Amino acid sequence: MKIDLDSRTEAADTGEIPFCRTVITPDAQRAAVRVLQSGWVTMGPESIAFEEEFASWLGARHVVAVSSCSAALQMALMALKLPSGSAVLTPTLTFSGAVQAILHAGLRPVLVDVDEQSLGVSEAGVAAAARAGAVAMVVQHMAGYPLDAKGLADAAGIDHSHVVEDAAHALGAAIAGAAIGSESPAGCFSFYATKNLPIGEGGAIATTDSQLAERLRTMRLHGMTRDAWRRYELSGSWEYTVEDVGLKANFTDLQAAIGRAQLLELGDWQRRRAELAARYDAQLVRIRGIQLPPRPLRAVHAWHLYIVQIHEEFGRSRDETAALLGERGIGTSVHFIPVHRLSYFRRALGTEMCSTLPVADLVFPRLLSLPLYPGMSNDDVDRVCQALEDLSRPSPQRVPIGDSHGSR
Ligand SMILES: *Cc1c(COP(=O)(O)O)cnc(C)c1O
């Protein structure tokens, strides 16, 4: 059978601008075929090579590749060996699966309100939430805006080794020259189809702690001793022991082969994301009622998402704007529905905690994620901006005569 290894997708020709388009490069496609033909498709030598190459890209000491970022968060929290039910701070404006991970680890999520500036959490926010006695914290770098995890831990009075970073958005972000995750006790990454290094599915934990890395390598494969995956190799042994709790959360060589090839493009992709974000900024700044995404001072943004806030002055609600962009063939999304607005978490965490997150409730109805991926053209960005300008309806009394852009 001939496999057509083509980098272009049909969607490219429809004139539509989808919210996201996953690119698996021709080299990555060939690498996947090579693994499929090799007779070894689960975790093995490719996975080890991927871990080394990903660690070196980040500048991290150890990387353990796992099935997803959700599993990475759960395992990093389990490895802390905290008493069951211990309180763990998490932003409410995050992916619901990241909060499920805390529950699956047998711990109790304590929701922290959003910081209007970074869309992450603030030092004051975590300090206030920690007063009830939190012992660990998940720091999420929303959209790729890097947060100082150590500073947040200090503000909350939480030991640095009890900070797990949800770096699902932060691959490519850095503070003071250090990649997010590279100096972390546990930096968790995602290789989900929409993320900055798309493999399709997959995740990884970067850690400075060699003992933790060993524990995670065991934990990702049912708690079986480290080289259990070798037991089907001629040179391997059928024998293993189980010395720790574990789950089925291993990586596969199929994912690793794709990831290794994709990793070679990541630097270019990150540069392109930053260019596109700057292009959005330059045009959207002229539209009244659209608040641009925050830019960190002296730090590198990963630009996983480009999130604007649609204010009243725009003249249409976020939902109406999203629907009208959709009619024009422009895909958008919302990141995220705050966890405290989802019915399961209201039941699991209690309505009292879920009723005291005012900034998230204020900001949520304004959030709109615009398309942002390296395969977008400049023209695509210009079309999205033009569509937003066409849709804007600044109220007449607020627009100075002769200034139809309503510059601010
Ligand atoms: C995507 C995402 C995750 C989960 O990643 P998976 O690899 O799909 O499990 C966790 N946290 C955040 C903030 C995410 O965006």
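The notes below deal with the structure included here.

Criteria and thresholds
Residues numbered from 1 in each chain as written. Predicted model: local features only at pLDDT ≥ 70, side-chain atom pairs only at ≥ 80, totals over all residues. Heavy atoms only, no water. Salt bridge = Lys/Arg side-chain N within 4 Å of Asp/Glu carboxyl O. Helix = DSSP H or I, 4+ residues; strand = E, 2+ residues; numbered from the N terminus. Buried < 20%, exposed > 50% of the residue type's maximum accessible area, 1.4 Å probe, protein only. Near = heavy atom within 4 Å. Polar contact = N/O pair within 3.5 Å; in protein donor to acceptor, adjacent residues only side chain to side chain. Areas by Shrake-Rupley, 256 points an atom, 1.4 Å probe, with all protein chains shown as cover. Nonpolar A, V, L, I, M, F, W, Y, C, P; charged D, E, K, R; others polar. Pairing = 2+ DSSP bridges. Contact = heavy atoms within 4.5 Å. Core = buried A, V, L, I, M, F, W, Y, C linked by side-chain atoms within 4.5 Å. Right-handed = clockwise from strand over helix to strand, strands pointing away.

## Some points on the pattern of salt bridges
1) Next: Taken as a whole, this structure holds 18 salt bridges when the rule is applied.
2) Next: Across the salt bridge formed by D382 and R279, the nearest N and O atoms sit 2.8 Å from each other. Residue D382 is found in helix α14 (residues 378–391), and its partner R279 is found in helix α9 (residues 266–284); the two are separated by 103 residues along the sequence.
3) Next: Residue classification places R279 among the partly exposed residues on the basis of a relative accessible area of 30%.
4) Next: Notably, a salt bridge pairs D390 with R328, separated by 3.4 Å at the nearest N-O pair. Here D390, found in helix α14, pairs with R328, found in the loop between α10 (318–327) and α11 (343–349); they are 62 residues apart in sequence, far enough to count as distant.

## Regarding the site of the ligand
1) Next: Residues in contact with the ligand amount to 13 residues; listed here are only the nearest, S70, D166, H169, S190 and K195.
2) Next: One of the backbone nitrogen or oxygen atoms of C69 is found 2.9 Å away from an oxygen atom of the ligand.
3) Next: Out of a free accessible area of 380 Å², the ligand has 92% covered by protein chains.
4) Next: Looking at the shell around the ligand residue by residue, the class counts come to five nonpolar, six polar and two charged.

## Examining the sheet that holds strand β6 (residues 174–175)
1) Next: Read across the open sheet, the three strands follow the order β7-β6-β11; overall the sheet is antiparallel. Bordering the open sheet on either side are β7 (178–179) and β11 (299–300), each of which pairs with just one other strand.
2) Next: Pairing of β6 with β11 involves two bridges; the strand directions are antiparallel. Bridged to A174 within β11 is V300.

## Things to note about helix α8 (residues 253–263)
1) Next: By the criterion of burial, α8 is predominantly enclosed, with nine of the eleven residues buried.
2) Next: Of the surrounding elements, those touching the buried residues of α8 are α1 (26–36), α2 (45–58) and α9.

## Examining the nonpolar core
1) Next: One finds L73, L77, V164 and C188 to be the most contacted residues of the largest nonpolar core, which totals 32 residues.
2) Next: Contributions of two or more residues to this core are made by β1 (62–66), α3 (69–78), α4 (96–104), β4 (136–140) and α7 (210–219).
3) Next: Here the element with the most residues in this core is α3; it accounts for eight residues.
4) Next: Excluding residues that lie within four positions of it along the chain, V164 makes contacts with L73, A76, L77, L80, M137, V138, V139, A186 and C188.
5) Next: Core analysis: the next-biggest nonpolar cluster, separate from the first, contains 29 residues, F189, F191, L266 and W269 among them.

## Quick notes on the pairing of strand β2 (residues 87–91)
1) Next: Here β2 lies mainly inside the structure; five of its five residues are buried.
2) Next: Taken together, the five bridges between β2 and strand β3 (residues 108–112) define a ladder with parallel strand orientation. The residue bridging L89 from the neighbouring strand is V110, located in β3.
3) Next: For the crossover that starts at β2, traverses α4 and ends in the parallel β3, the hand is right-handed.
4) Next: Judged from the two bridges that link them, β2 and β4 form a sheet pairing that is parallel. Along β4, the bridge assignment pairs L89 with M137.

## Notes on unusual backbone geometry
Among all residues save glycine, negative phi is the norm, and among peptide bonds the norm is trans.
1) Next: Cis peptide bonds are those with omega within 30 degrees of zero, and the linkage from H335 to F336 qualifies with -10°.
2) Next: Relative to the helices and strands, F336 is located in the loop between α10 and α11.
3) Next: Although it is not a glycine, H222 adopts a positive phi angle of roughly 60°.
4) Next: Mapping H222 onto the fold places it in the loop between α7 and α8.
5) Next: On the basis of relative accessible area, H222 is assigned to the partly exposed category, the value being 39%.

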